[in-house]
Amino acid sequence: MAGLIKREDVEAVRERARIEEIVSAHVTLKPAGVGSMKGLCPFHDERSPSFHVRPGVGRWHCFGCGEGGDVISFVQKIDGMAFTDAVEHLADRVGVQLRYEDSRTGGAAQRGPREEPGRRQRLIEAHRAAAEYYADQLFAPGAQAARAFLAERSFGRADAEMFGVGFAPTGWDSLLRHLQGRGFTQPELVASGLVSQGQRGIYDRFRGRLVWPIRDVTGAVIGFGARRLFDEDQGPKYLNTPETSLYKKAQVLYGIDLAKRAIAQSKRVVIVEGYTDVMAAHLSGVQVAVATCGTAFGGDHAKVVRRLLGDTTAGGGLQLASGASLGGEIIFTFDGDAAGQKAAMRAFGEDQRFHAQTFVAVEPSGMDPCDLRMARGPEGVKALVDGRVPLFEFVIRTTLDGFDLDTVEGRVGALRAAAPLVAGIRDRSMQMGYSRSLARWIGLDPEEVRREVGRAPDRPGPGRRRDEHEARGARQEAAASGAEGGPVTPVVTAPDPRDPVARIERLALVVALQYPQHVPATFDGLDEDAFATPAWRAVHAALRAAGGVGTGAGLGGSRWVETVVTEAGDAVGPLVTELAVAPVPEDRESVIAAYVADVVRKVIDLGLTRRIADAKSRVQRLDPAGDAEAYRAAFQRLVTIENERRELRESV
């Protein structure tokens, strides 16, 4: 695997990717003063716009929910991408050739990038062309079986077009010839997985099948899933794109491109088992449905879901009387048969990856969402989701179903089988709660059950190893984004905006970050105690460490702010972003320079006033008769500071 992306290439991506263009694909932005734009936040529900973008400094910030960052962090959050993936996506878009270095040595990675940006783009274009071709073929004369398959499941033409469903003709090289006619080479098509290499040459991978395009979080087609239609087809019932540089089945979730916004806003995801189930769920109003593609839900899928859910640690796992859950919901739907129950047991091992409540929704008669929609309409699918039960409860009760609880032997056997499951719950409060529930379900004394749980081995042993692997992955991701490993650094919070001193100091820092070219040189002469508010003093220290506004005027815009953010570190960096995007009260371009100078004069005046108060206090504490020399020196210092303030005020 390639190492970290070179820092200068990351900077090049930040500079070339116009943040207003990237954000505008998701948010309607309107002018909000000089150099500022605003719109409704895509990360929380709001009626009045509090989401601000300042293209000149390359930053965004929501003053409603507190989220903020640069163009890379926006793509990470809106599309649920890892840092490296977001950089690569933007690099493809703006034409930056990324270079990688070995994270162990700092040198150039021997194996180079995972995929050259130009090469990756060609493969994506090939998939886009293939998706268009398949979609057109669905309504050709030879696709009658495909259309019948959809119609039998209550999917019409508009539904097929919404999901991009298509048909792969029965010929051996129909797609191959089409794409070669579009200028794609055989090596490119083999690398894409759209065609296969055999002893007799190259041929289409999908033939005589109904096909669904599989997209990543950005909406780019990266692969296909195909369903067998004809009896003479000796292949598997479902056939997917093979592993390629674009398509990694352990990371892919079908429907994620359609569901991502709803997942991020509702903090809920419903995981179903097939392509038609995703279609049925979305068409029934459950717009947070996704499905795995040819593999069980695993750790990499969990990472994708967790990124989309966002920070769900606060209150995660608490279910309210209304039925809603704090911290978000992950709902698995399984068939009611034995295979579905085994899938639930597998999911149990993954549950502890999530900081949110995990549920299972099982239809008693065994119908999946597609069947439910046909039998009971959209309300049937919604009822399935609404009837979810906590995953822990489902797994434990499923285990108990295998025992005759009317006998002593059955109750003892059930306890011994279920106790390790309860012991595997690492949340101590939840473990105690399920111990009491287990006692009630079996009909045993709660203390007896508690002792058995205490003695039981922690059943999800492999889950613990998976959690450790997850932690290592998180550290690597932090390294990729330039963060250090170790404990999370607490973020410095902004002071009370009603404090008049804090308001003036904040505004001075806002103009220093946004208009360094207009800030008087006297600003860089302020010492480390010039700001009284601790949070703003920390930001001022980062400004000084970055070289002061003199340096900022030379760097300009986004590079200046990025330098200050780097110096600020994780604790203060979010405050820097907030200030760099904050609206400036003066919105007339012609008077910005004078306005900035006036703001800086006010904060200098505040500092001088504080120094005068300190000097007066010292003079009052001294005895002119007992220590005349110290008194004269203190008095002279007071006069000097007062003169400095008078000159500042007279200069206006």
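Note: the structure precedes this text.
Bear in mind that the values here come from a model prediction, so they are computed numbers and not experimental data.

Definitions and cut-offs
Residues numbered from 1 in each chain as written. Predicted model: local features only at pLDDT ≥ 70, side-chain atom pairs only at ≥ 80, totals over all residues. Heavy atoms only, no water. Axes fitted to C-alpha atoms, helices over the stretch in contact; angles between N-to-C directions. Helix = DSSP H or I, 4+ residues; strand = E, 2+ residues; numbered from the N terminus. Parallel < 35°, antiparallel > 145°, perpendicular 65-115°, else oblique. Left-handed = near helix turned anticlockwise from the far one by under 90°. Contact = heavy atoms within 4.5 Å. Nonpolar A, V, L, I, M, F, W, Y, C, P; charged D, E, K, R; others polar. Salt bridge = Lys/Arg side-chain N within 4 Å of Asp/Glu carboxyl O. Buried < 20%, exposed > 50% of the residue type's maximum accessible area, 1.4 Å probe, protein only. Pairing = 2+ DSSP bridges. Disulfide = S-S within 2.5 Å.

Trainee: Help me out: how do you make sense of the packing of helix α21 (residues 500-514) against helix α22 (residues 534-545) in this one?
Mentor: When two helices pack together, their arrangement is given by the angle between the helix axes and the distance between those axes. It is at 10 Å that the axes of α21 and α22 come closest, and there the two elements cross at 25 degrees. Regarding the angle of α21 to α22, the classification is roughly parallel. Considering how the two elements wind past one another, α21 and α22 form a crossing that is left-handed. Counted together, A502, E505, R506, L509, A512 and L513 of α21 and W536, V539, H540 and L543 of α22 form the full contact between these two elements. Here the contact of α21 with α22 is composed, by residue class, of seven nonpolar, one polar and two charged.

Trainee: Even after reading the chapter, I still don't get the pattern of salt bridges, so can you show me in this structure?
Mentor: If the charged atoms of two oppositely charged side chains come close together, the side chains can form a pair. A full pass over the atoms with the stated rule returns 30 salt bridges. R14 is paired through a salt bridge with D70; the nearest N and O atoms lie 2.5 Å apart. On the criterion of sequence distance, the pair formed by R14 in helix α1 (residues 7-16) and D70 in strand β6 (residues 68-70) is long-range, its members being 56 residues apart. D70 carries the same exposure label as R14, and that label is buried. Among the ionic pairs, R376 bridges to E363, the shortest N-O distance being 3.2 Å. Here the residue R376 occupies a position in helix α14 (residues 369-376), and E363 occupies one in the loop between β20 (357-362) and α14, the gap between them amounting to 13 residues. Exposure remark for R376: the relative accessible area of 47% places this residue in the partly exposed category. Connected through salt bridges with shared partners, the residues E11, R14, R59, D70 and E562 form a single ionic network.

Trainee: Help me understand the sheet that holds strand β3 (residues 37-39), please; the structure alone is not making it clear to me.
Mentor: In any sheet, the strands associate via hydrogen bonds between backbone groups, in a parallel or an antiparallel arrangement. Overall, antiparallel pairing links the five strands, which are arranged β2-β3-β4-β5-β6 in an open sheet. Since the sheet does not close on itself, it has two edges, and those belong to β2 (30-31) and β6, each with one partner. Here three bridges tie β3 to strand β4 (residues 51-54), and the two strands are oriented antiparallel to one another. Of the residues in β4, the one forming a bridge with M37 is V53. Where helix α3 (residues 71-79) meets the sheet, it contacts β4, β5 (59-62) and β6, and its direction lies at approximately 120 degrees from that of β6.

Trainee: Quick question: what am I supposed to make of the state of the cysteines here?
Mentor: Throughout this description, disulfide means a covalent bond between two cysteine sulfur atoms. A complete count under the given rule lists zero disulfides for this structure. C62 forms no disulfide, and the closest cysteine sulfur to it belongs to C65, at a distance of 3.6 Å. For C62, a relative accessible area of 0% translates into the label buried. A residue is classified by how much of its surface remains accessible, and C65, at 34% relative accessible area, is partly exposed.

Trainee: Just checking my understanding: could you explain the side chain of E188 for this structure?
Mentor: Mapped onto the elements of the fold, E188 is located in helix α9 (residues 186-192). In this structure E188 comes out as buried when scored by relative accessible area, which is 12%. If near-sequence neighbours (up to four positions away) are discounted, E188 is found in contact with R119, R122, L123 and G183.

So far we have only geometry, and geometry alone does not tell us how the molecule works.
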